[in-house]
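# Coordinate inspection notes
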Amino acid sequence: MDQSAGQAVTAENDRRLADPAPAALRGDHQAPERLVLARGIFTGPSPKISDELYAVVKGRAHRERLGLRLDKGARGHTNTYFGRFAASYWQRWTTVTEIEVAMTLELGGLARIRLAASDIAGHRRIIDSVDVRADGRVVLRAPLDQYVDGGALWLEFDAVGGDLAISELAWTATAPDHVRPVAIAICTFNRAEDCAHTVAALASDPTVLAAIDAVYVVDQGTDLVENRPLFQETVPKFGDKLRYLRQPNLGGAGGFTRGLYEVSAANEHADVILMDDDILCEPETVIRLNAFANMTVEPTLVGAQMLFLLNPDYLNVGAEETDLAILRHGQKVSKALRNTSMLKKHQERRVDAGYNAWWTCLIPAEVVARIGLPIPIFFQWDDVEYGLRAREHGFVTVTLPGAAVWHADFYWKDFDDWARYFSSRNSLIVSSLHTDLDPKAITRQLFREITEMLVAMQYGLAHTTLQGIEDYLRGPKALQDGGIAALAAARGTRGDYSETIKHPAATAPIHNADIRIGRANGEPSRPLLVLIKRAITQWTGRVQPGLVGITREDAYWWHVSLFDHVIVTDASQSGVRIRRRDKARARALLLRTWRVLRRLRRELPTLTRQYRAAMPELTSRANWERLYGISPDSRPE
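Residues numbered from 1 in each chain as written. Predicted model: local features only at pLDDT ≥ 70, side-chain atom pairs only at ≥ 80, totals over all residues. Heavy atoms only, no water.

## Digging into the overall build of the protein chain
Quick reminder of the rule: Only DSSP runs of H or I reaching four residues or more are called helices, and only runs of E reaching two or more are called strands; each is numbered from the N terminus. Put simply, the radius of gyration uses C-alpha atoms, and a globule should come to 2.2 Å times the residue count raised to 0.38. Contact definition: two residues touch when any of their heavy atoms are within 4.5 Å. For every accessible area listed, the method is Shrake-Rupley and the probe measures 1.4 Å; residues are considered covered only by the protein chains on display. Only four residue types enter the charge count, namely Lys and Arg as positive and Asp and Glu as negative; His and the chain termini do not. Each charge is placed at NZ for Lys, CZ for Arg, CG for Asp and CD for Glu.
Across its full length, the protein chain holds 17 helices and 28 strands. Relative to the globule expectation of 26 Å for 637 residues, the C-alpha radius of gyration of the protein chain, 27 Å, shows essentially globular dimensions. Long-range pairs, those at least 24 residues apart, make up 79% of the contacts in the protein chain between residues at least 6 apart in sequence. Accessible surface, the protein chain as shown: approximately 26,600 Å² in total, 51% of it carbon and sulfur. Side chains of the protein chain carry 78 positive and 78 negative charges; the gap between the two charge centres is 9 Å.

Written out as structure tokens, the structure reads:
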């Protein structure tokens, strides 16, 4: 491209990105005779992804994204993570009673195609089979009538008499009367390159691009996505479907809510797929989430599963729920798989989710119309709260196997981080909104957790946790600015605690020759008794002297607290933290903990009523317009 042509493209992109008009979300789509529920995909969106997540082949073969060629004598099957059709979920939640799987075949001799199924225990059975001797379109069928508790469908191919090429493979069902319009909303903050790749992935698949009506990129950062060459190259592919919005950093809650706000204003009947900026996007997931949402008996939140980005064969989240009585989210649903290789295991059993996080999740239009927008708690627990509120209004969440994205592995993120402020504060807010917390039980639990931090010499973590509780005690007014001041306070004060600073392992301010290794021997059988003993040991200074090196896997409070001075590997494996016993600091934080928790025990019932009463105003369009700085005259029509 010559310079003048490049300048013309840039100018046109600038015009598109600057256009404030809402996307032209169509009110309805003319439905085809049959709706594509999933396509046959044979290789992933990146070389780092194993092909065997899509199809397994024995013998010589050639793969393309939407096609597979087997040499004579080769065999293949799609009894894989992305190759399986989640029959149990479709039977339980949708109007589909029979599916067809069709494909185009080119062959040099006899080919055998089987449609196979499993049950909850993984037992294989053949549902349909055909021997093919000529090129053309082949269709196999299966009723969805024996999968309520578990089971899936897949295809098996056998190139018996010659080469076999499979293409245009699609799982379909009789289409509904109309197809719901859908938009994608991506929230980003200073992950410009990651976001550009996610947007480019959506544009790379013509079928996905045709299926979506709009893509909203909500940029809250200073490293702008619009400045990335890849993003500039991608913009023209969307035509008028792309909307790029800039706003102050209001966290994930503010960014994703902006997408819901804009889409519902442009078309109150449009669904929205919320999508993180830093995922490795599998475009096929958009097709599968959207198809499922179009076929559910009632409007349903449809979530993608999460695979590990650094260990891409592994499923991190199969389905999650909450335990609000102890302020916990991210709890594995019973029988759901977690941290499991999808090359070795199959998700046979249907498990029902309590909510789905927003790495990728479809929100039906009816949910936004009925329950309003998310609560402005910046990030952490905002997706949980919205899923819980939706369920209370009759909208369930389904986390759909075979629909997934790859996301940064959570266990590589250190718990001792400024984000703990939002986790601490928001867990109390969300739990107060959706259950009646026991003040005595909660304060006892929090006292124990903070005590564990103090004996482990994590004084900054204890401070950050207390900050969150203290701001919860301020009541709904703490959410007045959407979290901007809270973010600054949480980040700004952690620097006062030296053990929150991460150092390069090779150049940390210690003498390497002085380090001895301290390995943990095993988890205590009576942890409360051990906690009391460790607290006394730390308080009296009867700890093991000298500098001790502790690996991440051994960095439990009950082990770290045996020592006076430790260097602990950060969960990110990118550096180390140095902790040292400080009795005066521990005493001050313990007294602060006592005062804060005594107040929490006394005021929790009143605060619960205040937060619940404030919800209609907090989640209103008017409140979010105030946070976004949108004047009444500039509201989208």
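Moving on from the coordinates now.
## Details of the sheet that holds strand β3 (residues 56–58)
The cut-off we apply is this: Only strands that DSSP links by at least two bridges are regarded as paired with each other. To define axes, lines are fitted to C-alpha atoms, for helices over the stretch in contact only, and angles between the resulting N-to-C directions are given on a 0 to 180 degree scale.
One open sheet accounts for five strands, arranged β3-β6-β11-β8-β9; its pairing is antiparallel. This sheet does not close on itself; its edge strands, each paired only once, are β3 and β9 (125–132). Strand-to-strand twist in this sheet, taken as the mean axis angle between neighbours without regard to direction, amounts to 15°. Bridge count between strand β8 (residues 111–117) and β9: seven bridges; the pairing is antiparallel. Bridged to A111 within β9 is V132.

## What about the nonpolar core?
Definition in use: We define the nonpolar core as a collection of buried residues of types Ala, Val, Leu, Ile, Met, Phe, Trp, Tyr and Cys that are connected through side-chain atoms lying within 4.5 Å of one another. For each residue, the accessible area found with a 1.4 Å probe, counting protein chains only, is set against the maximum for its type, and the residue is called buried under 20%, exposed over 50%, and partly exposed in between.
Counting residues in hydrophobic clusters, the biggest one holds 92 residues, and the most contacted among them are W90, M103, L153, L164, I166, W171 and L202. By size, the runner-up hydrophobic cluster in this structure holds 52 residues, among which are I375, I550, L589 and L607.

## Regarding unusual backbone geometry
Peptide bonds are trans in most cases, and residues, glycine excluded, mostly fall at negative phi. Of note in the backbone geometry, F378 takes a positive phi value of approximately 70° without being a glycine. With respect to the helices and strands, the residue F378 is situated in the loop between α8 (365–371) and α9 (382–392). A relative accessible area of 3% places F378 in the buried class.

## Looking at helix α7 (residues 284–295)
Residues three or four positions apart in an α-helix share a direction because the helix packs 3.6 residues into each turn. Our working definition: In this analysis, the expected span of each helix is defined as 1.5 Å times one less than the number of residues it contains.
If you check α7, its first and last C-alpha atoms are 17 Å apart, about what twelve residues at 1.5 Å a residue would give, namely 16 Å. A large share of α7 lies buried, amounting to twelve of its twelve residues. Every buried residue of α7 is listed here: E284, T285, V286, I287, R288, L289, N290, A291, F292, A293, N294 and M295.

## Topic: the side chain of T399
The following threshold applies: In protein, a polar contact means a hydrogen-donor-capable atom and an acceptor-capable atom, both N or O and within 3.5 Å, with residues adjacent in sequence counting only if both atoms are side-chain atoms; elsewhere, any N or O pair within 3.5 Å suffices.
Structurally, the position occupied by T399 is in strand β24 (residues 397–407). Exposure remark for T399: the relative accessible area of 2% places this residue in the buried category. Of the polar contacts made by the side chain of T399, one reaches the side chain of N356; its length is 2.7 Å. Setting aside residues up to four positions removed in sequence, T399 forms contacts with Y89, G303, A304, Q305, G318, A319, A353, Y355 and N356.

## Quick word on the packing of helix α6 (residues 251–266) against helix α17 (residues 621–628)
Just so we agree on the cut-off: Here the word oblique covers every angle except those under 35 degrees (roughly parallel), over 145 (roughly antiparallel) and from 65 to 115 (roughly perpendicular). Should the near helix be turned anticlockwise from the far one by less than a right angle, the crossing is termed left-handed; should it be turned clockwise, right-handed. Amino acids outside the nonpolar list (Ala, Val, Leu, Ile, Met, Phe, Trp, Tyr, Cys, Pro) and the charged list (Asp, Glu, Lys, Arg) are all regarded as polar, and Gly is one of them.
It is the contact of α6 with α17, at a shortest axis distance of 11 Å, that shows an interaxial angle of 120°. Comparing the axis directions of α6 and α17 gives the class oblique. Every pair of crossing elements has a handedness; the one defined by α6 and α17 is left-handed. Between α6 and α17, the contacting residues are A253, G254, T257, R258, Y261, S264 and A265 on the first element and R621, W624, E625 and Y628 on the second. A per-class count over the contact of α6 with α17 returns five nonpolar, three polar and three charged.

## Regarding the sheet that holds strand β27 (residues 563–569)
Pairing in this open sheet of four strands is mixed, and the strands run β25-β26-β27-β28 from one edge to the other. Looking at which strands have only one partner, the edges of the open sheet turn out to be β25 (516–517) and β28 (576–580). Sheet analysis places β25 next to strand β26 (residues 544–550), joined by two bridges and oriented parallel. The residue of β26 that forms the bridge with R516 is V548.

## Regarding the state of the cysteines
Defined as follows: For this text, the term disulfide refers to a pair of cysteine sulfurs within 2.5 Å.
Evaluation of the coordinates by the stated rule reveals zero disulfides. Here C187 is not disulfide-linked; the sulfur of C195 is the nearest cysteine sulfur, at 8.9 Å. A relative accessible area of 8% places C187 in the buried class. Not engaged in a disulfide, the cysteine C361 finds its nearest cysteine sulfur in C281; these two sulfurs lie 15 Å apart.

## Quick notes on the packing of aromatic side chains
Note the cut-off: Each Phe, Tyr or Trp ring, with Trp reduced to its six-membered ring, pairs with another whose centre is within 6.5 Å; inter-plane angles below 30 degrees give stacked pairs, above 60 give edge-to-face pairs, and intermediate values give tilted ones. Whether a charge lies above a ring is judged from NZ of Lys or CZ of Arg, which has to be within 6 Å of the ring centre and within 35 degrees of the ring normal.
Applying the stated criterion across every chain yields a total of 19 aromatic pairs. With a centroid separation of 5.7 Å and 50° between ring planes, the pair formed by F231 and Y244 is classed as tilted. Taken together, the residues span a long stretch of sequence, with F231 in helix α5 (residues 229–234) and Y244 in strand β16 (residues 242–246) at a distance of 13 residues. No difference in accessibility class separates F231 from Y244, as the two residues are buried. Looking at R92, its charged tip hangs above the ring of W93, at a distance of 3.9 Å from the centre. One residue, R491, lies across the ring of W418, its end atom 4.5 Å from the ring centre.

## A few points about the pattern of salt bridges
Where we set the bar: Counted as salt bridges are all cases of a side-chain nitrogen of Lys or Arg within 4 Å of a carboxyl oxygen of Asp or Glu.
By the definition in use, this model includes 38 salt bridges. Between R180 and D271 there is a salt bridge, and its shortest N-O distance comes to 2.7 Å. Highlighted residues: R180 in the loop between β13 (178–179) and β14 (182–188) and D271 in strand β17 (residues 271–276), separated in sequence by 91 residues. No difference in accessibility class separates R180 from D271, as the two residues are buried. Via salt bridges that share partners, D414, D416, R494, R552, D570 and R577 belong to a single interconnected network.

## Quick word on the packing of helix α11 (residues 439–455) against helix α16 (residues 583–618)
Close contact between α11 and α16 brings their axes to 9 Å; oriented N to C, the two are set at 165°. Between α11 and α16, the crossing angle belongs to the class labelled roughly antiparallel. Between α11 and α16 lies a crossing whose hand is right-handed. On α16, the residues that touch P439, K440, I442, T443, R444, L446, F447, I450 and L454 of α11 are A586, L589, L590, T593, W594, L597, L600, R601, L604 and P605.

## Observations regarding the environment of P176
Tracing the backbone through its elements, the reader meets P176 in the loop between β12 (164–174) and β13. The class of P176 is partly exposed, set by a relative accessible area of 22%. Measuring from C-alpha to C-alpha, the distance between P176 and V139 comes to 20 Å, with 37 residues separating the pair along the chain.

## Digging into a nonpolar patch on the surface
Keep this limit in mind: Here a patch means residues that are over 30% exposed by relative accessible area and free of salt bridges, tied together within 9 Å if like-charged and within 5 Å if nonpolar (Val, Leu, Ile, Met, Phe, Trp, Tyr).
A surface patch of nonpolar side chains, amounting to about 400 Å² of accessible area, comprises F447, W539, L590 and W594. Relative to the elements of secondary structure, W539 occurs in helix α14 (residues 527–540).

## Observations regarding α14
The following threshold applies: Arc, as used here, means the arc of the directions from the helix axis to the C-beta atoms.
With 14 residues, α14 should cover 20 Å at 1.5 Å per step; its first-to-last C-alpha distance of 20 Å lies within 8% of that length. Taken as a whole, α14 has its buried residues at V530, L531, R534, T537 and Q538. Across the axial projection of α14, the buried residues extend over an arc of 125°, all falling on one side. Taken together, the buried residues of α14 touch α11, α12 (459–472), α15 (557–560) and β27. G541 lies just past α14 and shows a positive phi near 80°.

Geometry only, nothing functional implied.
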